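Residue-level structure breakdown
One-letter residues, chain by chain:
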Amino acid sequence: MNECRGRWALAPEPGGDGALLVALGLDGLPAGEVLREPDLVAAVRSRPDVERWVWRSTAEVYPRLLAAGVRVERCYDVEDAEQLLLGHEGRLGEPRSAAAAWARMRNAPVPPDPPLRAAEPTAQDSLFEPAATTTAAAPPFDALLRVYAEQQRRHERAEHPGRMRLLTAAESAGMLVAAEMHRAGLPWRADVHRELLRELLGERYAGGGEPRRLAELADEVSAAFGRRVRPDLPADVLKAFAQAGIRVRSTRRWELEEIDHPAVAPLVEYKRLYRIWTAHGWSWLADWVRDGRFRPEYLPGGTVSGRWTTNGGGALQIPKVIRKAVVADEGWRLVVADADQMEPRVLAAISRDPGLMEVAGHPDDLYTRLSDRAFSGDRAHAKLALLGAIYGQTSGDGLKNLAALRRRFPRAVAYVDEAAKAGEEGRLVRTWLGRTSPRAAGADEDGEAGIPQDGPPGAGGPGDAGGPGGPQGSEGYVPGYASSDARARGRFTRNFVVQGSAADWALLMLAALRRATAGMRAELVFFQHDEVIVHCPAEEAGAVTEAIGAAADEAGRIAFGDTPVRFPFTTATVERYADAK
């Protein structure tokens, strides 16, 4: 084997700048002698034709390479793969470090994974540095090589080995994208942000108290109740309403807006501005924006469904008004792309329902086509029916709509119904590529189900229970265990097979887009679920738009095979992020 081709394993040499590396054979074992190079960056730079680098953790190695201007095409992240393989084996939640995998191979005590550290906004360049990684200590290089070789054998034992290999490759590619997006950063105009805060919140008072506009709204709320009320304290607000003879269960906006009381309007406005002040106010700006860039730490696979999260910075929850501060550099543009009705299209692809695939085989509005086929032109009912099938809203009008959907698209509905049944019975389900749901609390070791991937499921894939949580400032939650309540578990797994497969498709789309833009000055700078932003010179915007469409189609073919399903994006080329929607 030519030592400049194929796969090479790489590890930083402990306590120095050097590296250990070796060519790997098809079995994952060394195909030559282990080399010691005095400089890790030089070792990689001198081997530009290596097809894939195998390393313990992308966070340990890749930032050092990027800082030196070295970009690799492909990698295999051993610890990321370990988590996916553990999940597939029904062991999600066990330590996923390479050291833990090595200990399991030897039947030795398994070291726990350290808790995810808090992001460090004041030292953004260190977010991906080796000292800040969240895995246990690295095992010896020869042990890492044996862990990798054993992972190759574990792939072969998967329900669909080829798909599982594709999944681990795609998620490793996502780790490269995440590191590159962190280094590039999202263009951010601090002066525009400060002006927005002044317009929205007014002047700041000395001592760090609430800004003028919040103080004024708090006075309006108190005046409406006839006594002093702290609008930032839900218990105080609920007590004030109770004293006014109004029973309110929570201070959520939708519930407050149903109440006829003069305190409602200033209270709702206070809550909106208070969130901006605390989540994206002056302190956030000082902490997170440096040299015209916002650099959050992206966590690929941060939820069990495979959706990304961020560790600190609230990158996936930027209010639209604050998006006005996301401004392209002079002469550059932001190409903002949203996937159109991604999850319904994914359901068509994974269920192989002929009717739904035909509907999803067009780039125009899926719900309009669906309504023409099954709902007498009523788009609203068509949308409710399809989303109800995916998310488990199957009572009331949802049940009636679902019945109409089942008559016209039986395989699609059967797919999610069977996934829900599997979840209710405590069995595991998988995405199309093999990402696996967490085990229900209290489920026994036999609680597993596999989807017949060429027909309606017998189970199906990882999902996201949704909702805030996880590490500081992150969106979603880190892998864990799903509810033991049967019906809740069924709703979770029903959505899991679709949302998780959509997350897998998105990884392949990002990898394809990364390859397509490699020869351009364009940079991927933002990604969340179904939206991607590319920062590029104005003259490259057209080519970037075409690359996004081509990447979506390529990801569909690679993930789901030869189906008529299309995955269109709505794109906008703008100078400000806020102008895209």
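Here the structure is shown first, and the text comes after it.
Note that the structure is a prediction, hence the values are computed from the model and not measured.

1. Describing the overall build of the protein
A tally of helices and strands in the protein yields 20 helices and 14 strands. The proportion of buried residues among the 581 residues of the protein is 56%. Considering only contacts within the protein whose residues lie at least 6 apart along the sequence, 66% involve residues at least 24 apart. Of the roughly 24100 Å² that the protein leaves accessible, carbon and sulfur atoms contribute 49%.

2. Considerations on the sheet that holds strand 12 (residues 523–528)
Strand-to-strand pairing in sheets goes through backbone hydrogen bonds, with the strands running parallel or antiparallel. Ordered by their spatial adjacency, 4 strands build an open sheet running 12-13-11-14, and the pairing between neighbours is antiparallel. The open sheet has two edge strands with one neighbour each: strand 12 and strand 14 (569–574). Mean inter-strand twist for the sheet, computed between neighbouring axes without regard to direction, equals 20°.

3. Focus on helix 5 (residues 141–156)
Helix length check: helix 5 (16 residues) gives 23 Å between terminal C-alpha atoms against 22 Å at 1.5 Å per residue, within 8%. Across the 16 residues of helix 5, 12 count as buried, placing the element largely inside the fold. Restricting attention to buried positions, one finds in helix 5 the residues F141, A143, L144, L145, V147, Y148, A149, E150, Q151, Q152, R154 and H155.

4. Let's talk about unusual backbone geometry
A positive phi is found at Q341, a non-glycine position, where the angle reads about 45°. Counting through the fold element by element, Q341 comes out in the loop between strand 11 (332–339) and helix 13 (342–351).

5. Structural notes on the pattern of salt bridges
Overall, the coordinates contain 43 salt bridges when judged by the stated rule. In this structure, R307 and E343 form a salt bridge, with 3.2 Å as the shortest nitrogen-oxygen distance. Highlighted residues: R307 in the loop between strand 9 (298–299) and strand 10 (309–310) and E343 in helix 13, separated in sequence by 36 residues. Here E575 and R333 are joined by a salt bridge, their closest N and O atoms 3.8 Å apart.

6. Focus: the pairing of strand 13 (residues 531–537)
Taking burial as the measure, the 7 residues of strand 13 include 7 buried ones, the bulk of the element. Bridge count for strand 11 against strand 13 is 7 bridges, and the pairing is antiparallel. Within the sheet, the bridge partner assigned to D338 lies in strand 13 and is E531.

7. Points about the nonpolar core
Formed by 116 residues in total, the largest nonpolar core has its most connected members in W188, L347, L405 and W505. In terms of residue count, the dominant contributor to this core is helix 19 (residues 486–516) (13 residues). Apart from the residues within four sequence positions on either side, L347 is in contact with L356, L386, I390, A412, Y415, V416 and V498. Listed in part, the 21 residues of the second largest apolar core include V41, V50, W55 and A179.

8. With respect to the sheet that holds strand 5 (residues 75–77)
Across the sheet, which stays open at both edges, the 5 strands sit in the order 3-2-1-4-5 with mixed pairing between neighbours. At either margin of the open sheet sits one strand with a lone partner, and together these are strand 3 (35–37) and strand 5. For this sheet, the mean inter-axis angle between neighbouring strands, taken without regard to orientation, is 30°. Pairing analysis gives 3 bridges linking strand 1 (residues 7–12) to strand 4 (residues 52–55), with the strands arranged parallel. Each bridged residue has a counterpart across the sheet, and for R7 the counterpart in strand 4 is R52. The sheet strands contacting helix 6 (residues 161–184) are strand 4 and strand 5, and the helix crosses strand 5 at an angle near 100°.

9. Remarks on the packing of aromatic side chains
To describe a pair of aromatic rings, one takes the distance between the centres and the angle between the planes. With the rule as written, the count across this model stands at 17 aromatic pairs. Arranged with centres 5.6 Å apart and planes meeting at 20°, the rings of Y270 and Y274 form a pair that is stacked. Of this pair, Y270 and Y274 both sit in helix 11 (residues 264–280), separated by 4 residues, roughly a single helical turn. An aromatic cluster is present here, built from W432, W505, F560, F567 and F569 joined pairwise through their rings. Sitting above the plane of the W432 ring, R163 keeps its charged end 4.1 Å from the centroid.

10. Some remarks on helix 13
Helix 13 sits mainly inside the fold: 10 of its 10 residues count as buried. Those residues of helix 13 that fall on the buried side of the exposure criterion are M342, E343, P344, R345, V346, L347, A348, A349, I350 and S351. Positioned one or two residues after helix 13, R352 has a phi angle of 60°, which is positive.

11. What to know about the packing of helix 2 (residues 58–67) against helix 6
At a minimum axis distance of 10 Å, the contact between helix 2 and helix 6 shows a crossing angle of 45°. If you check the angle between helix 2 and helix 6, you find them oblique. Where helix 2 crosses over helix 6, the two elements pack in a sense that is right-handed. For the pair helix 2 and helix 6, contact is made by T58, Y62, L66 and A67 and by M175, L176, A179, E180 and R183, respectively. Class assignment for the residues of the contact of helix 2 with helix 6 results in 6 nonpolar, 1 polar and 2 charged.

The rules behind the values
Residues numbered from 1 in each chain as written. Predicted model: local features only at pLDDT ≥ 70, side-chain atom pairs only at ≥ 80, totals over all residues. Heavy atoms only, no water. Helix = DSSP H or I, 4+ residues; strand = E, 2+ residues; numbered from the N terminus. Buried < 20%, exposed > 50% of the residue type's maximum accessible area, 1.4 Å probe, protein only. Contact = heavy atoms within 4.5 Å. Areas by Shrake-Rupley, 256 points an atom, 1.4 Å probe, with all protein chains shown as cover. Pairing = 2+ DSSP bridges. Axes fitted to C-alpha atoms, helices over the stretch in contact; angles between N-to-C directions. Expected span 1.5 Å × (residues − 1). Salt bridge = Lys/Arg side-chain N within 4 Å of Asp/Glu carboxyl O. Core = buried A, V, L, I, M, F, W, Y, C linked by side-chain atoms within 4.5 Å. Phe/Tyr/Trp six-rings, centres within 6.5 Å; stacked < 30°, edge-to-face > 60°. Lys NZ or Arg CZ within 6 Å of the ring centre and 35° of its normal. Parallel < 35°, antiparallel > 145°, perpendicular 65-115°, else oblique. Left-handed = near helix turned anticlockwise from the far one by under 90°. Nonpolar A, V, L, I, M, F, W, Y, C, P; charged D, E, K, R; others polar.

Purely spatial values, then, with no claim about function.
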